Structure formats: C-alpha cells, structure tokens
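Examining the three-dimensional arrangement
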Amino acid sequence: MALVCVSDYEKKAAEILPKSPWDYYRSGSGDQITLKLNESAFNRLRIRPRVLIDVSRRDTRCNVLGFDLDCPVAIAPTAMQKMAHAEGELATAKAAGTINTIYTMSTLSTSSIEEVGEAAPDTNKFYQLYIYKDRELTKNLVRRAEKAGFKALVLTVDAPVFGPRRCDIRNKFELPQHLRLANFTDEKLIVQSAGGSGINEYVASQFDPTLNWNDVEWLVRFTKLPVILKGIITHEDARLALQTGCKGIIVSNHGARQLDTVPATIEALPEIVKAIGSQMTVMVDGGIRTGTDIFKALALGAKAVFVGRPVLYGLAVDGQNGVESVLKILQNELDSAMALAGVNKITEINDKFIAHESTFCLSKL
Ligand SMILES: Cc1cc2nc3c(=O)[nH]c(=O)nc-3n(C[C@H](O)[C@H](O)[C@H](O)COP(=O)(O)O)c2cc1C
C-alpha cells in the first residue's frame with residue numbers, strides 16, 4: 001500500500017522496528033496524558049478558510065532565524081537514530097539538505113558530530129546540546145559542533161533528569177550492542193541498563209541537574225553560534241529567555257517525554273507569542289502530523305515547526321528516502337491547506353484563520 005501521510009509511516013514503522021526501539025521512539029512519560037494531548041489539541045482548533053482568492057502564486061518558502069528554507073518544517077533532535085536505520089543521523093542530515101530545511105542533531109546520537117558534518121556539509125545543521133556535569137566535556141562538544149560547520153546551538157532546558165517512560169523501564173531499555181553514543185569515547189558513557197531504563201540511568205549520572213539561567217548566559221558568551229532554547233512552555237520562562245541573549249526559543253514539552261500532564265505545546269504557544277513574539281523568534285514542536293497542524297501553529301504565531309517522531313518513522317521505513325518523503329508529504333499538505341484557506345504566502349497566515357471549537361457551540365442552537 002502506498003504511504004501517503006505521516007500516520008501511514010507510523011504504522012509501517014511499528015511493523016518494522018523491534019519492540020524496545022519502537023517503544024523508545026513512540027512513548028511518552030507517565031500516563032501519557034500529554035502525549036495524547038499534543039496531537040489531539042490540534043483537533044480542537046478549526047481553520048476558518050477564505051474563498052474566492054487567487055491562490056495560484058502559492059509559496060511555502062520562508063526565512064527562519066536568517067535561514068532561507070523551502071518550507072517552515074524543520075527536524076527536531078531525536079536520540080539514537082541508528083536504531084531506526086543503519087545510516088541513522090547521516091541519512092536524516094542528508095535528507096534535510098535535499099529538502100532544504102534545518103536538521104538538528106541530538107547530543108545522544110549514534111553518529112558523531114564530525115561524521116554528520118562530513119556527510120552533510122551543505123545542510124543547515126543545528127546542534128542540540130545537553131549540559132553535562134563534566135563542563136570540560138560540554139565545552140568540547142560545543143567547540144566540535146562549531147568546527148564541524150553547525151550553525152546554531154539548541155540548548156534543551158527541560159531535562160535536568162529524564163521523565164519516567166514506563167515502556168523503557170519495563171523493557172530495561174539499552175542501546176543494542178553494535179551501537180554506541182558516538183560523540184563519546186569514555187567507557188562510562190554508554191547506555192546500558194542497571195535494572196531500569198538505561199537511558200534514564202545514563203542521564204541521572206551524567207546530566208547537570210543544577211542547570212539554571214546563569215548557565216544559559218554562560219553558553220551564550222562561550223559559543224560563537226546563536227543559541228536557541230528548547231523546552232519552554234510558559235510566558236514567564238519565555239520572558240526570562242529574552243534577557244539571556246539567546247536568539248530564539250522552541251516551545252516544546254520534549255514530545256511529552258518529560259513532565260506528564262503539562263499542556264500540549266499548541267496550547268502553550270499563544271501565551272508565549274503574546275509575551276515575546278515581537279522580540280524573538282518563537283518556534284514550536286510536538287504532535288505535528290499534518291499540513292493543517294502546521295498551518296494552525298503558524299497561525300498562532302510560530303515562525304517554524306519542528307517534527308520529531310515523523311522523521312524517525314520515515315527513517316525506519318526507508319532511510320534517507322523515507323525522511324525526504326515524510327517531509328515532502330508535510331510540505332504538500334501545508335501547500336494544500338494554504339490553497340484551500342485562501343493564502344499565498346507563509347507570512348499571510350495569522351490568527352484570523354483560527355477558531356477554537358468552543359466558538360461553535362452546537363448545544364446552544
Ligand atoms: C525518540 C525521541 C528522542 C528524542 N531525543 C531528544 C534529544 O536527544 N534531545 C532533545 O532535545 N529532544 C529529544 N526529543 C524531543 C524532540 O526533539 C521533540 O521535542 C519532540 O519529538 C517533538 O514531538 P513529536 O515527536 O511529536 O514531533 C526526542 C523525542 C523522541 C520521540
């Protein structure tokens with residue numbers, strides 16, 4: 001059967017992948033309330049289309065943080081991509097280049113910074129940073145990313161520890177024997193279960209839980225690259241982000257893998273756009289699976305969206321081709337939504353196109 005939408009790729013990936021990697025990619029934390037919410041919250045928003053508008057000059061191109069992209073859909077950092085496909089991060093980074101979007105590489109990758117730099121020299125590459133207790137090691141990661149041609153740092157700020165992902169605990173998740181976290185040579189820095197989830201145990205022993213706003217300011221001073229904060233979901237934190245010198249934020253709840261029962265990111269977006277949207281680039285990730293989801297996020301003020309799991313599904317199904325296909329599907333669906341809503345340019349999409357379902361209260365009729 002032809003795969004024509006992201007959920008087709010999701011079903012196919014579920015058939016292909018072994019249980020433990022599939023569970024790791026797919027699941028969220030706790031009761032997975034926010035995991036469901038990230039997707040379902042989009043369905044409570046309705047698009048209000050305009051008609052009789054000449055939409056023959058449609059264009060999904062845009063400029064995000066100074067980068068000219070073919071479409072405002074970028075690749076979120078996801079860890080350990082070689083569990084999905086033998087070429088892992090290299091395939092994803094190359095696909096982003098072909099599609100002309102942004103590829104964000106996770107610190108917890110199964111290919112090294114240098115390998116990705118060499119495999120995809122022309123891709124707009126961002127490097128996602130976790131701050132380790134070992135600050136020298138952290139500084140070294142930053143310098144390596146700068147040297148390998150990465151163009152921005154994405155500092156993840158919602159992970160002092162990892163959220164309780166029950167599937168990983170039950171599976172005693174660990175990296176398959178033939179894979180390793182490729183940015184590290186230290187024997188201690190491996191993902192092996194000591195009884196629970198190997199990745200949570202790794203994070204508990206290695207990441208710095210003292211991370212705070214002073215560290216963000218330190219990073220902004222330390223690196224030559226623009227810094228983007230990922231994992232903000234309140235206007236209070238968005239306002240603090242403004243004072244740090246960072247260049248943008250990604251409204252994210254880590255794909256519902258950290259604190260369960262936080263809002264869906266599409267619910268959190270409006271308060272953040274209202275607070276800082278005129279002063280800083282606000283982007284969003286979480287639960288985006290269709291062109292209409294992208295349209296809604298842009299309408300509520302995001303300058304771009306990032307996708308995590310959809311890319312992993314494409315990668316699992318058909319490597320680089322699969323990632324390209326998923327991104328093309330999303331681009332085509334966005335184009336179609338624009339045509340049918342009466343829009344030619346990304347910058348024309350605004351909140352006048354959106355209504356909440358409560359506006360249409362049928363019970364009052
Ligand atoms: C399997 C998996 C691994 C992830 N690994 C990372 C990571 O290493 N660093 C990070 O900042 N976020 C990570 N994330 C979160 C994503 O960057 C992103 O916020 C999330 O996937 C977006 O939601 P979506 O999957 O619904 O598109 C991961 C998410 C998933 C699903």
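Our subject is the structure listed above.
In short, a report on the structure. Throughout this description, residue numbers start from 1 for each chain and increase along the sequence as written. Totals for whole chains, interfaces and linings use every residue, but because this is a predicted model, local features are given only for residues with pLDDT of at least 70 and side-chain atom pairs only at 80 or more, for both listing and counting. Side-chain numbers here rest on the full set of heavy atoms in the structure, without hydrogens or water.

**Describing the pattern of salt bridges**
Here, a salt bridge means any Lys or Arg side-chain nitrogen found within 4 Å of an Asp or Glu carboxyl oxygen. Tallying each qualifying case throughout the model produces 16 salt bridges. Residue glutamate 10 is joined to arginine 26 by a salt bridge in which the shortest nitrogen-to-oxygen separation is 3.5 Å. With a gap of 16 residues between them, glutamate 10 in helix H1 (residues 6–16) and arginine 26 in helix H2 (residues 19–26) connect regions that are remote in the sequence. Only protein chains enter the accessibility calculation, which uses a 1.4 Å probe. A residue is then buried if its area is under 20% of the maximum for its type, exposed if over 50%, and partly exposed in between. With a relative accessible area of 18%, glutamate 10 lands in the buried category. According to the relative accessible area criterion, arginine 26 is partly exposed, its value standing at 23%. For lysine 224, the salt bridge is made with glutamate 146, and the minimal N-O distance between the two is 3.5 Å. One end of the pair, lysine 224, is in the loop between helix H9 (213–222) and strand S8 (227–232); the other, glutamate 146, is in helix H6 (residues 135–147), with 78 residues separating them in the sequence. Its relative accessible area of 13% is what places glutamate 146 among the buried residues. Within the structure, one salt-bridge network assembled from shared partners comprises Glu10, Arg26, Glu39 and Arg289. Think of it this way: any DSSP run of H or I at least four residues long counts as a helix, any run of E at least two long counts as a strand, and we number them from the N terminus.

**Examining the packing of aromatic side chains**
Each pair of aromatic rings taken from Phe, Tyr and Trp, with Trp reduced to its six-membered ring, is defined by centres within 6.5 Å and is described as stacked if the planes are under 30 degrees apart, edge-to-face if over 60, and tilted in the remaining cases. Within the structure shown, the criterion is met by 14 aromatic pairs. Consider the rings of phenylalanine 162 and phenylalanine 207, whose centres lie 5.9 Å apart with planes at 85°: the pair is edge-to-face. Taken together, the residues span a long stretch of sequence, with phenylalanine 162 in the loop between strand S7 (152–156) and helix H7 (166–171) and phenylalanine 207 in the loop between helix H8 (198–206) and H9 at a distance of 45 residues. When its relative accessible area of 9% is taken as the criterion, phenylalanine 162 is described as buried. We count a charge as sitting over a ring when the NZ of a lysine or the CZ of an arginine lies within 6 Å of the ring centre and within 35 degrees of the ring normal. A cation over a ring is seen here: arginine 135 above tryptophan 218, with NZ or CZ 4.9 Å from the ring centre. Over the face of the ring belonging to phenylalanine 222 we find arginine 143, whose NZ or CZ atom lies 3.8 Å from the ring centre.

**Quick word on the packing of H1 against helix H13 (residues 309–341)**
Every axis corresponds to a line fitted to the C-alpha atoms, with the helix fit spanning only the stretch in contact, and the corresponding angles, defined between N-to-C directions, vary from 0 to 180 degrees. For the pair H1 and H13, the least separation of the axes is 10 Å and the interaxial angle reads 175°. Considering their axes alone, H1 and H13 lie roughly antiparallel with respect to each other. For the pair formed by H1 and H13, the contact residues are Val6, Tyr9, Glu10, Lys12, Ala13 and Ile16 on the first element and Pro310, Tyr313, Gly314, Ala316, Val317, Gly322, Ser325, Val326, Ile329 and Leu330 on the second. Grouping the amino acids of the contact of H1 with H13 by side-chain chemistry returns 11 nonpolar, three polar and two charged. Reported orientations rely on four angle classes, namely roughly parallel under 35 degrees, roughly antiparallel over 145, roughly perpendicular from 65 to 115, and oblique for the rest. Every residue pair with non-hydrogen atoms within 4.5 Å of one another is taken to be in contact. Throughout this entry, Asp, Glu, Lys and Arg are counted as charged residues, while Ala, Val, Leu, Ile, Met, Phe, Trp, Tyr, Cys and Pro are counted as nonpolar. The remaining residues, Gly among them, count as polar.

**Quick look at the environment of cysteine 246**
Of note, cysteine 246 is situated in the loop between helix H10 (235–242) and strand S9 (248–251). Expressed as a C-alpha distance, the spacing of cysteine 246 and valine 220, which sit 26 residues apart in the sequence, is 6.6 Å. Leaving out residues up to four positions away in the same chain, cysteine 246 has contacts with Val220, Val227, Leu229, Ala241 and Met280.

**A look at the nonpolar core**
Grouping buried Ala, Val, Leu, Ile, Met, Phe, Trp, Tyr and Cys residues that are joined through side-chain atoms within 4.5 Å yields what is termed a nonpolar core. In this structure, Leu108, Tyr202 and Ile249 are the most contacted members of the largest nonpolar core, which totals 122 residues. Counting residues per element, this core draws most heavily on H13, which supplies 14 residues.

**Digging into the site of the ligand**
Consider each residue's heavy atoms; a residue with any of them within 4 Å of a molecule or strand counts as near. Taken together, 24 residues sit near the ligand, with Pro77, Ser106, Thr156, Asp285 and Arg289 positioned nearest. Counted as a polar contact is a pair of N or O atoms within 3.5 Å, where, for protein atoms, one must be capable of donating a hydrogen and the other of accepting one, and residues adjacent in sequence contribute only when both atoms are in side chains. Here an oxygen atom of the ligand sits 2.7 Å away from a polar atom, N or O, in the side chain of threonine 156. In the environment of the ligand, an oxygen atom lies 2.7 Å from a nitrogen or oxygen atom belonging to the side chain of aspartate 285. Contributions of two or more residues to the shell around the ligand are made by H2 and H13. Tallied by class, the residues present in the shell around the ligand amount to nine nonpolar, 10 polar and five charged.

**A look at the environment of lysine 125**
Its location among the elements puts lysine 125 in strand S6 (residues 124–129). Each C-alpha atom of the pair lysine 125 and arginine 61 lies 18 Å from the other, and the pair is 64 residues apart in sequence. Residues contacting lysine 125, with those up to four places away along its chain left out, are Tyr103, Val116, Gly117, Ala120, Ala148, Gly149, Phe150, Lys151 and Ala152.

**Examining the packing of helix H4 (residues 88–99) against H13**
For the pair H4 and H13, the least separation of the axes is 10 Å and the interaxial angle reads 20°. For the element pair H4 / H13, the angle class is roughly parallel. Judged by the sense of rotation from one axis to the other, the crossing of H4 with H13 is right-handed. For the pair formed by H4 and H13, the contact residues are Gly88, Ala91, Thr92, Lys94, Ala95, Thr98 and Ile99 on the first element and Val311, Leu315, Gly319, Gln320, Val323, Glu324, Leu327, Lys328 and Gln331 on the second. A crossing counts as left-handed when the near helix is turned anticlockwise from the far one by less than a right angle, and as right-handed when that turn is clockwise.

**A word on unusual backbone geometry**
Negative phi is the rule for most residues except glycine; trans is the rule for most peptide bonds. A positive phi angle, near 55°, is found at leucine 65, a position not held by glycine. Position of leucine 65 relative to the elements: it lies in the loop between strand S2 (62–64) and strand S3 (67–69). On the accessibility criterion, leucine 65 (25% relative accessible area) is partly exposed. Here lysine 172, not a glycine, exhibits a phi torsion of approximately 50°, which is positive. Among the structural elements, lysine 172 can be located in the loop between H7 and H8.

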